[in-house]
Amino acid sequence: VQIEQTHKGKDAAADPMSSSDAPEDGPKETSSVSQNISDADAFKILLEMKMKKRQKKPTLPSTVTELDTEDGSKVYVVGTAHFSDSSKKDVVKTIQEVQPDVVVVELCQYRVSMLKMDEKTLLKEAKEINLEKLQQAIKQNGVMSGLMQMLLLKVSAHITEQLGMAPGGEFREAFKEASKVPFCKFHLGDRPIPVTFKRAIAALSFWQKVKLAWGLCFLSDPISKDDVEKCKQKDLLEQMMAEMIGEFPDLHRTIVSERDIYLTYMLKQAAKQIELPRASETEPREYIPAVVVGVVGMGHVPGIEKNWNSDLNIQEIMSVPPPSASSKIFKFVIKATVFGLMGYGCYRIGQRTVQFILSMPAAQSYLQKLTEIRSQH
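Residues numbered from 1 in each chain as written. Predicted model: local features only at pLDDT ≥ 70, side-chain atom pairs only at ≥ 80, totals over all residues. Heavy atoms only, no water.

In the nomenclature of an unreviewed UniProt entry, the protein chain corresponds to TraB domain containing from the organism Bubo bubo.

Shown next as structure tokens:
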């Protein structure tokens, strides 16, 4: 469920002797010292450097919520708006201040590609929702979940088009900053999106599915950058979704509440104590509390706080229930509509083609000859 990417930053993990106070012949001395130092000692030196940079009383943005575990680990949850420049700055400042051991972001393996794309490419991708993307989504997630995914992408694309800003900038900043911190791991902390969509679809009745799809299809309200910042206390994308799904409590449960539980579980997993390396197997094991930075939409922060001290079991919210009768009916209606439109299109094209051919002089001459031959017989 959890994908982990470890980054040993090139800048922050540079040789400790290569500081401005090092003598001119430093490289030679560093080379000789490094041959006599063990991996455990090298780790401790770099860890000490990291601890010196870590602020004991960090100055944190107002969007950060601090949580503690029973074994002394600290978790700093940065609540963000997914389309916000100030959220990106909040993430950068928090990581620089606390020098975390783990950074957890509200992404899953199906959305990790946004970490590798630049802003321009993402902006283009978000605006271009075409038939090929729809087919790919349906192939990957099934008809119902694929359609739901594309409708939600349409909401995201609408915001992207209105603001001229691609989503997920705070996650890309978190990824960059994590790579600069020695021994900082990067975790994807959100539930896989196919599971979320399938559970969401299963929670709706036939008419609820139709009503939700209608609302998503005709979303066109203008949004300004000021609107985004005003929504800093509740993520804009999730607020828009909440307004549309407010009358569907089961949908809110699957899209928001269950993911609150999942994100909380992943943050607690990341906050387990860190075992220090040992020079030999005979040395006793030594552990230190971990420092974790979580980057999530602001709408998830209250749920994470609520679930923080609870014993969590994510097995139930990872299961996908079998499709209901209404889901099967809706799926049949969608397929029937698609095939009906295709059939009608072929019929119209075929009818027009026949009419065009028959109107040609050569065809008319040929038909006249056939008529004369038939009359002679």
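There is more to say after this.
> Before we move on, can you summarise the overall build of the protein chain with the specific residues and values?
Counting its regular elements, the protein chain contains 16 helices and 8 strands. The proportion of buried residues among the 377 residues of the protein chain is 42%. Sequence-distant contacts, at least 24 apart, represent 82% of the contacts inside the protein chain between residues at least 6 apart. Counting only carbon and sulfur atoms, one obtains 55% of the accessible surface of the protein chain, whose full area is about 21,600 Å². (Helix = DSSP H or I, 4+ residues; strand = E, 2+ residues; numbered from the N terminus. Buried < 20%, exposed > 50% of the residue type's maximum accessible area, 1.4 Å probe, protein only. Contact = heavy atoms within 4.5 Å. Areas by Shrake-Rupley, 256 points an atom, 1.4 Å probe, with all protein chains shown as cover.)

> Explain the pattern of salt bridges to me, using residue names and the numbers behind them.
For the structure shown, the criterion picks out 15 salt bridges. We note a salt bridge from Lys50 to Asp101, for which the minimum N-O separation is 2.9 Å. Note that Lys50 is positioned in helix H2 (residues 39-53) and Asp101 in the loop between helix H3 (85-98) and strand E4 (102-105), a separation of 51 residues in sequence. The burial state of Lys50 is the same as that of Asp101; both residues are buried. Residues participating in the shared-partner salt-bridge network are Glu106, Arg111, Asp190 and Arg259. (Salt bridge = Lys/Arg side-chain N within 4 Å of Asp/Glu carboxyl O.)

> Give a detailed account of the side chain of Ser73, specifying residues and quantitative values.
As for its position among the elements, Ser73 is in the loop between strand E2 (64-68) and strand E3 (74-80). A distance of 2.9 Å separates a polar atom in the side chain of Ser73 from the backbone nitrogen of Ala290. Sequence-distant contacts of Ser73, defined by excluding residues within four places in its chain, comprise Leu67, Asp68, Ala271, Lys272, Gln273, Pro289 and Ala290. (Polar contact = N/O pair within 3.5 Å; in protein donor to acceptor, adjacent residues only side chain to side chain.)

> Give me the side chain of Arg172: which residues, what numbers.
If you trace the backbone, Arg172 turns up in helix H7 (residues 169-178). Polar contacts involving the side chain of Arg172 include one to the main-chain carbonyl oxygen of Met114, which spans 3.5 Å.

> Please set out the packing of aromatic side chains residue by residue, giving values where relevant.
Evaluated as defined, the whole model comprises 1 aromatic pair. An angle of 85 degrees between the planes, with centres 5.1 Å apart, marks the rings of Phe175 and Phe186 as edge-to-face. With a gap of 11 residues between them, Phe175 in helix H7 and Phe186 in strand E5 (residues 184-188) connect regions that are remote in the sequence. According to the relative accessible area criterion, Phe175 is partly exposed, its value standing at 22%. Given the relative accessible area of 0%, Phe186 is considered buried. Against the face of Trp308 rests Lys268, its NZ or CZ located 5.8 Å from the ring centre. (Phe/Tyr/Trp six-rings, centres within 6.5 Å; stacked < 30°, edge-to-face > 60°. Lys NZ or Arg CZ within 6 Å of the ring centre and 35° of its normal.)

> Could you give an account of H2, naming the residues involved and the relevant values?
Taking 1.5 Å as the rise per residue, H2 with 15 residues should run 21 Å; its terminal C-alpha atoms sit 21 Å apart, in good agreement. All of the buried residues along H2 are Ala40, Phe43, Leu46, Leu47 and Lys50. Seen end-on, H2 carries its buried residues on one side only, within an arc spanning 130 degrees. Exposed and oriented more than 90 degrees from the buried face of H2 are Glu48 and Lys52. (Expected span 1.5 Å × (residues − 1). Arc of directions from axis to C-beta.)

> So what's going on with the confidence of the model for the protein chain? Which residues, and what values?
Per-residue confidence for the protein chain averages 75 on the pLDDT scale, and 56% of its residues sit at or above 70. Predicted confidence for residues 5-34 stays below pLDDT 50, and this span has 34 contacts to residues more than four positions away or in other chains. (pLDDT = per-residue confidence, 0-100.)

> Can you tell me about helix H8 (residues 193-202), naming the residues and giving the values?
Judged by how many residues are buried, H8 sits mostly within the fold: 8 of 10 residues are covered. The complete set of buried residues in H8 reads Ile193, Pro194, Val195, Thr196, Phe197, Arg199, Ala200 and Ile201.

> Please provide a residue-by-residue account of unusual backbone geometry, values included.
Positive phi outside glycine occurs at Gln99, with the angle close to 45 degrees. Structurally, Gln99 is set in the loop between H3 and E4. Not every positive phi belongs to a glycine, and Phe183 is a case in point at roughly 60 degrees. For Phe183, the position within the fold is in the loop between H7 and E5.

> Could you give me a rundown of the nonpolar core, with the residues and numbers involved?
By size, the foremost hydrophobic cluster in this structure holds 22 residues, and its most contacted members are Val103, Val105, Ala174, Phe186 and Val293. Sorting the residues of this core by element identifies E3, H3, E4, H7, E5 and strand E8 (291-297) as the ones contributing at least two each. (Core = buried A, V, L, I, M, F, W, Y, C linked by side-chain atoms within 4.5 Å.)

> How would you sum up the packing of H8 against helix H12 (residues 249-270)? Please name residues and give values.
Where H8 meets H12, the closest approach of the two axes is 7 Å, and the angle between their N-to-C directions is 150 degrees. The chirality of how H8 crosses H12 is right-handed. Together, Thr196, Arg199 and Ala200 of H8 and Leu251, Arg253, Thr254, Ile255, Glu258 and Arg259 of H12 make up the contact between the two elements. (Axes fitted to C-alpha atoms, helices over the stretch in contact; angles between N-to-C directions. Left-handed = near helix turned anticlockwise from the far one by under 90°.)

> Break down the pairing of E8 for me, citing the residues and quoting the values.
Here E8 lies mainly inside the structure; 7 of its 7 residues are buried. Where E3 and E8 come together, 7 bridges link them in parallel fashion. Paired with Val75 across the bridge in E8 is Val292. Where E4 and E8 come together, 4 bridges link them in parallel fashion. Residue pairing for E8: Val105 is matched across the bridge by Val295. (Pairing = 2+ DSSP bridges.)

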